Amino acid sequence: MTRRLCLLFYALLLSLLAVQATPPAVVRAQTTTCEADTSGDWSTIPWSCGHLPTSTDNVLIKAGLTVTVDIDADIRDLTLTVYPSRSTIVIPDGVVLTVRGTVVNDRGLAVSISINGGGKLLLIGGSRTLFRSWGSSARDFNAEIALDNGAVGLADYSFTSGTFQVIDHFWVHNSNGTGRITVGPAGTAIVDGDIGRHASAPADLVEVYGLLDTISVRAKVLKLHDGGTLRLSSSGTISITESLTYEPNATLEYAGTTAQTTGGELDAALGNLTINNAAGVTLAQNATVSNTLNLAAGNLHTGSNVLTMGPDATCVGGGDVIGTVRRNAPTLGATYCFGHPDVQATFDSGTPPSTVSVTVVTGTEPFAGAVQRVYTIDAPGFAGNATLRLHYDPAELNGNSEANLVLWQNDGSGWRAVGRSAGGPGYVELSGVTGFSEWTLAENGEPTAVTLATFEATPGPDGVLLRWETSTETMNAGFHIYRATSHNGALSRLTSQLIPSKATATAGAHTYTWTDPVLPRPGTVYYYWLEDVDLAGVATRHGPVPVRLPGYFLPFVTQP
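Quantities reported herein were computed from a predicted structural model and do not represent experimental measurements.

This part takes up the overall build of the protein chain. The helix and strand tally for the protein chain stands at 1 helix and 48 strands. Residues counted as buried form 48% of the 560 residues belonging to the protein chain. Expressed as a percentage of contacts within the protein chain between residues at least 6 apart in sequence, the contacts between residues at least 24 apart total 50%. Looking at the protein chain as shown, the accessible area adds up to about 25200 Å², and 52% of this sits on carbon and sulfur atoms.

This brings us to the sheet that holds strand β31 (residues 335–338). Sheet architecture is open: 5 strands sit in the order β31-β32-β35-β39-β38, paired in antiparallel fashion. Across the chains shown, the open sheet's two edge strands, defined by having one partner strand only, are β31 and β38 (422–424). With strand direction ignored, the average angle separating the axes of adjacent strands in the sheet is 15°. Across 4 bridges, β31 lies against strand β32 (residues 340–351) in antiparallel orientation. Across the sheet, the residue bridging to threonine 335 is threonine 346, located in β32.

Our focus in this paragraph is the sheet that holds strand β46 (residues 511–516). Reading across from one edge, β41-β42-β46 is the order of the 3 strands in this open sheet, with antiparallel pairing throughout. A single partner strand is all that each edge strand has here, and the edge strands are β41 (450–460) and β46. Direction aside, neighbouring strands of the sheet carry axes that sit 20° apart on average.

Further remarks concern the state of the cysteines. One pass over the full model with this rule turns up 2 disulfides. With its sulfur 2.1 Å from that of its partner, cysteine 34 forms a disulfide with cysteine 49. Between cysteine 34 and cysteine 49, the disulfide has an S-S torsion of 105° and is therefore right-handed. Here the residue cysteine 34 occupies a position in strand β1 (residues 33–36), and cysteine 49 occupies one in the loop between β2 (40–41) and β3 (58–61), the gap between them amounting to 15 residues. Look at cysteine 49 and you get buried, because its relative accessible area is 11%. One disulfide in the model links cysteine 315 with cysteine 337; its S-S distance is 2.0 Å. Here the S-S torsion is close to 85°, and the disulfide linking cysteine 315 with cysteine 337 is therefore right-handed.

Note on soluble globular proteins: their nonpolar side chains tend to be buried together. Ranked by size, the top nonpolar core spans 67 residues in total, and within it Val206, Phe436 and Trp439 carry the most contacts. Setting aside chain neighbours within four positions, we find valine 206 in contact with Ile181, Ile195, Leu212, Val217, Ala219, Val221, Leu222 and Lys223. In terms of nonpolar packing, the next biggest core, distinct from the first, is built from 24 residues, Trp42, Leu78, Leu80 and Ile115 among them.

Pairing analysis gives 4 bridges linking strand β36 (residues 405–410) to strand β37 (residues 415–419), with the strands arranged antiparallel. Counterpart to leucine 407 in the pairing with β37 is glycine 419. Counted between consecutive antiparallel strands, the loop separating β36 from β37 contains 4 residues, among which glycine 412 sits at a positive phi close to 105°.

Time to look at the pattern of salt bridges. Overall, the coordinates contain 11 salt bridges when judged by the stated rule. Between glutamate 531 and arginine 541 there is a salt bridge, with the nearest N and O atoms lying 3.0 Å from each other. Of this pair, glutamate 531 sits in strand β47 (residues 525–534) while arginine 541 sits in strand β48 (residues 539–548); the two residues are 10 residues apart in sequence, bridging distant segments of the chain. For glutamate 531, a relative accessible area of 7% puts it in the buried group.

The next thing to look at is the pairing of strand β40 (residues 438–443). With respect to burial, β40 is a largely interior element, 5 of its 6 residues being buried. In this sheet, β40 lies alongside β36 in antiparallel orientation, the contact comprising 6 bridges. Each residue of the ladder has a partner; that of leucine 407, found in β40, is leucine 441.

Quick look at the environment of valine 428 now. Structurally, the position occupied by valine 428 is in strand β39 (residues 427–433). Under the relative-accessibility criterion, valine 428 is labelled buried at 1%. Sequence-wise, valine 428 and histidine 391 are 37 residues apart; in three dimensions their C-alpha atoms are separated by 6.8 Å. Ignoring sequence-local partners within four residues, the contact set of valine 428 consists of Leu388, Arg389, Leu390, Tyr392, Leu405, Val406, Leu407, Arg420, Ala422, Gly423 and Leu441.

For the protein chain, per-residue confidence averages 81 on the pLDDT scale, and residues scoring 70 or more make up 77% of the total. Note on residues 5–29: pLDDT is under 50 here. Beyond four places in sequence and across chains, it has 0 contacts. Confidence drops under pLDDT 50 across residues 553–560; counting only partners more than four residues distant or on other chains, this segment forms 3 contacts.

Scoring rules and cut-offs
Within each chain, residue numbers correspond to sequence positions counted from 1 in written order. Predicted model: local features are reported for residues with pLDDT of at least 70 only, side-chain atom pairs are reported and counted for 80 or more only, and whole-chain, interface and lining totals are derived from all residues. Each side-chain value is worked out from all heavy atoms of the structure, with water and hydrogens disregarded. Secondary structure elements are defined from DSSP: runs of H or I of at least 4 residues count as helices, runs of E of at least 2 residues count as strands, and each element is numbered from the N terminus. Partly exposed residues are those whose accessible area sits between 20% and 50% of the maximum for their type, while under 20% is buried and over 50% is exposed, using a 1.4 Å probe and protein chains only. Note on definitions: a residue-residue contact is assigned when non-hydrogen atoms from the two residues lie within 4.5 Å. Shrake-Rupley sampling with a 1.4 Å probe provides the accessible areas, and residues are treated as covered by the protein chains on show and by no other component. Two strands make a pair as long as DSSP finds a minimum of two bridges between them. Axes here refer to lines fitted to C-alpha atoms; in helices the fit is confined to the stretch in contact. Angles between the N-to-C directions go from 0 to 180 degrees. Cysteine sulfur atoms are paired as a disulfide whenever they come within 2.5 Å of each other. Put simply, buried Ala, Val, Leu, Ile, Met, Phe, Trp, Tyr and Cys residues joined by side-chain atoms within 4.5 Å make one nonpolar core. Salt-bridge detection follows one rule: a side-chain nitrogen of Lys or Arg within 4 Å of a carboxyl oxygen of Asp or Glu. Confidence scores labelled pLDDT are given residue by residue by the predictor and lie between 0 and 100.

Written out as structure tokens, the structure is:
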């Protein structure tokens, strides 16, 4: 027993001696926040924690400082300062800053913070509300969110407020999970590149309650809720593999700076469509708008496609739909717009048509002197009276005076002026319309486009000399000459082509002569008519003027 106690005492003594012989371990206190005290590169600036921040450290960039992440870095939370001056973090091309926690400003206010550079901000973690009340100040970086390595689940972005902007891709992905993006009612996400799960796969779900401004979306499901806006800043790739939904008060907006062509974003009926591109937008497929068509800037070109507007759809803005707009099952007494707010049809009485299609072509005058715009209106089944309002652009006036414009209709045999009931800046309106076909606008011609001062026929050795003088000419294209052997006899037109008018398209007073070169039989009375033809092809005859030829003509010879 005594020996055993001695051995135990001896072992304890050796243990104590060994402990005393080993130098004490240096225990570093856990640092939760690393503050940047000066501007500079991430790898060389002095950090308050005494070491480069790690995945368990929070990082704070103090007011007014700019820190460049010159090496790949992995941290927990990132806080940028906005008061009294903004701090900035720069992520250069090829560099990744991984944040496993949150990215916020120090005030929690709706104030933008500065994240710049062409590198990538990679956020690792699960579902979260990432941005409380802030946004990035510039579209200068890429953003990506993923699950923790090996985790299974959803990698989500949820923007509740503020503005988030990235320069290139906006990805939510992980090989073990899927990604979703939600833009809240007070949130804005601006993406200059593509949205997806990663470079070759769609995001699981993109939901928009606020504003999503992007050029490319690849998602299984894209849903715009009431009040949400999908703004496409250029023609990109919109690929939806499962479902695309626009709630009635959601808006699709085209806001590029060069001409845009529609894509997969129009594979569903729209609530609101906004054209905000001065260079114009062209439909690549048929489209339907049920609520508001806003032609805020630029025109919508339908090409061979048709834009269908719902029964309660309205039109606002100053642009035009160049092409075809259709309305189905119109009712009596309701006013329907077709693209521009001042392209309207109201079926006042009778039987309304089954559908109404209005096709607009611009840039060409249907007849000389008309505005450079033609409307083709098809209203099958209509019988009754309607009111029609047609819009024109001042650049299309083609010399016409706006105050004198009336509506003209091609009734199948030619263009005729049918008048106006009202007018205003950029439009003319006519009530009592009973049929539809081609329409345009031009100045109103009087019953005759020409007021004659004189019209005379004088026989001579070379034939009959016709001379006439106009006191006014309005939209006159020219003249034809007709002849008959009696006052009521059959007319023969002597001119194969119009004798062109000498007047301008709006006024004129000129003198004309023309000789009938065929010598008629001596002593015969002939009757001549003068016909003026206006720019719409409407002809008006003047006359007849009789002339009796003497029995013979003797040449006048001068004696030398």
